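# Observations on the model geometry
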Amino acid sequence: MTDEKIENEISEFAKKLQENENEPLLSREKNQQIPRNLSTLQKLSFGLGHVINDILGVLWFSYALIFLQIVARIPPTISALLMFLGQFTDAAATPFIGILIDKFGSKKRWNAAGVILIASSFPFIFHNWNDALWYMPFYYILPIIIFQIGWATVQISHLSMIPDMTIFLQERAELTSLRYIIFVCSNITIYIVAYFILQESKMGALIEPRDGWKFEVVAIIAVSIGVICSIFFQSALKVPPTQKKSKSAFNTAIQTWRKLYEICSSSKLYLVAFIHTTSRLFHSLNLTYIPFLINETNMKNSGILAGAPFFNFTAALLSSVIVNLLSKKYVNNKIMFTAGTTFALLSCVCVYLDPSNSDDAGYIYSASVFCGIGSAMTVITSLCIAANYIGKDTEYGAFIYGLITFSDKILTGLIIFSIESLKSSNIISSEHYYKFVLTFVNATLTMLGYIFLLLLPSSVCYST
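Residues numbered from 1 in each chain as written. Predicted model: local features only at pLDDT ≥ 70, side-chain atom pairs only at ≥ 80, totals over all residues. Heavy atoms only, no water.

### Some remarks on the overall build of the protein chain
The helix and strand tally for the protein chain stands at 18 helices and zero strands. Each of the 464 residues in the protein chain was classed as buried or not, and the buried ones make up 56%. Partitioning the contacts of the protein chain with sequence separation of at least 6, the portion at a separation of at least 24 is 86%. As presented, the protein chain carries roughly 19600 Å² of accessible surface, and 67% of it is formed by carbon and sulfur atoms. (Helix = DSSP H or I, 4+ residues; strand = E, 2+ residues; numbered from the N terminus. Buried < 20%, exposed > 50% of the residue type's maximum accessible area, 1.4 Å probe, protein only. Contact = heavy atoms within 4.5 Å. Areas by Shrake-Rupley, 256 points an atom, 1.4 Å probe, with all protein chains shown as cover.)

### Brief notes about helix H8 (residues 169–198)
Helical geometry note: an α-helix holds 3.6 residues per turn, so side chains three or four residues apart project in the same direction. Under the 1.5 Å per step criterion, the end-to-end length of H8 is 42 Å for 30 residues, consistent within 8% with the ideal 44 Å. Of all 30 residues that make up H8, 24 are buried, and the element is covered over most of its length. (Expected span 1.5 Å × (residues − 1).)

### Some thoughts on unusual backbone geometry
At arginine 73, a residue that is not glycine, the phi angle is positive and equals roughly 60 degrees. Note on arginine 73: relative accessible area 44%, which makes it partly exposed.

### Regarding the state of the cysteines
This model, assessed by the stated rule, comprises zero disulfides. With no disulfide of its own, cysteine 348 lies 8.3 Å from the sulfur of cysteine 371, the closest cysteine sulfur. Judged by relative accessible area, cysteine 348 falls into the buried class, the value being 4%. (Disulfide = S-S within 2.5 Å.)

### Section: the pattern of salt bridges
Taken as a whole, this structure holds three salt bridges when the rule is applied. Between lysine 43 and glutamate 174 there is a salt bridge, with its nearest N and O atoms 2.8 Å apart. Highlighted residues: lysine 43 in helix H2 (residues 40–47) and glutamate 174 in helix H8, separated in sequence by 131 residues. Taking relative accessible area as the criterion, glutamate 174 reaches 9% and is therefore assigned buried. (Salt bridge = Lys/Arg side-chain N within 4 Å of Asp/Glu carboxyl O.)

### Quick look at the side chain of serine 347
With respect to the helices and strands, the residue serine 347 is situated in helix H14 (residues 333–353). Contacts of serine 347, omitting those with residues within four sequence positions, involve Phe282, Ala367, Phe370 and Cys371.

### Some points on the packing of helix H3 (residues 51–71) against helix H4 (residues 76–103)
Contact geometry for H3 and H4: axes closest at 8 Å, N-to-C directions at 145 degrees. Once H3 is placed against H4, the crossing between them reads as right-handed. Two secondary-structure elements touch here, H3 through Trp60, Phe61, Ala64, Leu65, Leu68 and Gln69 and H4 through Pro76, Ser79, Ala80, Leu82, Met83, Gly86 and Gln87. (Axes fitted to C-alpha atoms, helices over the stretch in contact; angles between N-to-C directions. Left-handed = near helix turned anticlockwise from the far one by under 90°.)

### Examining a nonpolar patch on the surface
A cluster of nonpolar side chains, namely Val349, Tyr352, Leu353, Tyr363, Phe436 and Phe440, defines an oily patch on the protein surface of about 570 Å² accessible area. When contributions to the nonpolar patch are tallied by element, the ones reaching two or more residues are H14 and helix H17 (433–455). For tyrosine 363, the position within the fold is in helix H15 (residues 362–390). Of the residues examined, tyrosine 363 reaches a relative accessible area of 33% and is grouped as partly exposed. (Patch = residues over 30% accessible without salt bridge, like charges linked within 9 Å, V, L, I, M, F, W, Y side chains within 5 Å.)

### Observations concerning the packing of aromatic side chains
Considering all chains together, one arrives at 18 aromatic pairs under this definition. With a centroid separation of 5.4 Å and 65 degrees between ring planes, the pair formed by phenylalanine 67 and phenylalanine 215 is classed as edge-to-face. Residue phenylalanine 67 is found in helix H3, and its partner phenylalanine 215 is found in helix H9 (residues 212–236); the two are separated by 148 residues along the sequence. Neither phenylalanine 67 nor phenylalanine 215 differs from the other in exposure class; each is buried. (Phe/Tyr/Trp six-rings, centres within 6.5 Å; stacked < 30°, edge-to-face > 60°.)

### Points about the environment of proline 143
Structurally, proline 143 can be placed in helix H6 (residues 138–159). Between the C-alpha atom of proline 143 and that of serine 121, which follows or precedes it by 22 residues, the distance is 4.8 Å. If sequence neighbours within four positions are ignored, proline 143 has contacts with Ser121, Phe124 and Ile125.

### Points about the environment of serine 224
As for its placement among the helices and strands, serine 224 is situated in helix H9. According to the relative accessible area criterion, serine 224 is partly exposed, its value standing at 36%. Taking the C-alpha atoms as reference points, serine 224 and alanine 119, separated by 105 residues in sequence, lie 8.2 Å from one another. At 2.9 Å, the side chain of serine 224 and the backbone oxygen of isoleucine 220 are in polar contact. (Polar contact = N/O pair within 3.5 Å; in protein donor to acceptor, adjacent residues only side chain to side chain.)

### Structural notes on the packing of H8 against H9
Running from N to C, H8 and H9 cross one another at 155 degrees; their axes reach a closest spacing of 10 Å. The pairing of H8 with H9 is recorded here as roughly antiparallel in orientation. You can see that H8 and H9 cross each other, and the crossing is right-handed. Note on element contacts: H9 touches H8 through Lys214, Phe215, Val217, Val218, Ile221, Ala222 and Ile225, opposite Thr189, Ile190, Val193, Ala194, Ile197 and Leu198. Partitioning the contact of H8 with H9 into residue classes produces eleven nonpolar, one polar and one charged. (Parallel < 35°, antiparallel > 145°, perpendicular 65-115°, else oblique. Nonpolar A, V, L, I, M, F, W, Y, C, P; charged D, E, K, R; others polar.)

### So, the nonpolar core
Across soluble globular proteins, nonpolar side chains show a tendency to be buried alongside one another. Within the largest apolar cluster, 113 residues are counted, with the highest numbers of intra-cluster contacts made by Leu56, Tyr63, Phe122, Phe126, Tyr140 and Tyr289. Ranked by size, the runner-up nonpolar core spans five residues in total, among them Leu48, Val51, Ile182 and Cys229. (Core = buried A, V, L, I, M, F, W, Y, C linked by side-chain atoms within 4.5 Å.)

### Considerations on the confidence of the model for the protein chain
When the pLDDT values of the protein chain are averaged, the result is 78; 78% of them are 70 or greater. Across the protein chain, the secondary-structure element scoring lowest on mean pLDDT is helix H10 (residues 247–250), at 45, and the one scoring highest is helix H5 (residues 107–125), at 93. Overall, residues 16–35 carries pLDDT values under 50, and its contacts beyond four positions in sequence, including any with other chains, amount to 28 contacts. Across residues 245–250, where pLDDT falls below 50, the model places twelve contacts with residues more than four positions away in sequence or in other chains. (pLDDT = per-residue confidence, 0-100.)

See below:
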């Protein structure tokens, strides 16, 4: 009986090992009490590595379109086409950059290369050439392309460091939350700067062509902050090398392409990508069109152009801190995403209820607060789900992140171009056009994201 009992125990133990082998690596941590090994300095320095993207990305979405239309006096359709060019460049470059980062060189070096491209191009996007001729848009094409390639390089190299830095889901969730917290802090900082610079506009017009220098000053300050943070990131962060498999299993071209095909054939990948895409689209469209909504409602205080995003990111900061605290305990990502979806829909309701032709900014500020909370919860959760999906495939992390972020970049450009084209062609004519965009388009995106989440297997959504 004793021998039989021992055999049974061995059999059960072997069965558990087999189950764990088939289980995503990140899901195993719930039954393990292994000490964390990332210091506070490592986590902080990691978070600073994406500041230049965070701070310039929000300027791109918040002010680029309104700058091109009102300051540079480029027609709305052409301005939207320039935005689409940027998003398309970013999207097209992302998967290829992901492959290059996985195969060649240090991810920190790739990050540094991206910072150089960004810093050398972004200020020219907000430079007013004071020329209303037909060829004016061509001045902006080259800096936009260089900026977007640099942006994609920094984003993918930084995201793909998360699986390399730790195998534990809790630490990956902490890094993702910290990344978003620093993202919010960065943008609050630049919106404070923008508030004091842009509020000098005269009554009767929020933004005029002669205000071009203000946008350029904000852009230069933002680039300077990003470069300083990147220098600290490069100096302080120690990234462990990616764990490569044996040459016979990894380094041959046939096996590499077979693995890439396997990744691209996974239906889970596309569900994760769609969830991330809808979350980012909701966030990006709010950043882009809140200024147009303010302009549409004829508010006289131009400080609201920076005040509304400031409320947005302050709320996002508080909610991201809460998400970070909850990540230290068992929290199902579906529950977190559901809460974020609720706040996102509340922001759509506030925009819809906002009275037109009024200086009362209460509804816009309320919408900004709910949008900040909803965006923080859904974006952080979508990135946690992405890290959980990657699991053990850290050597393909940059490529997977590239595929996941591809759709949100290309769709953001297409949707903005479509919105501006419909506006210019008068196919949809309404004095409350942007109000309806922020209400119905965002509500649709939010619900689609939630539907994709419900279709995703729980094993991928699991969080500690």
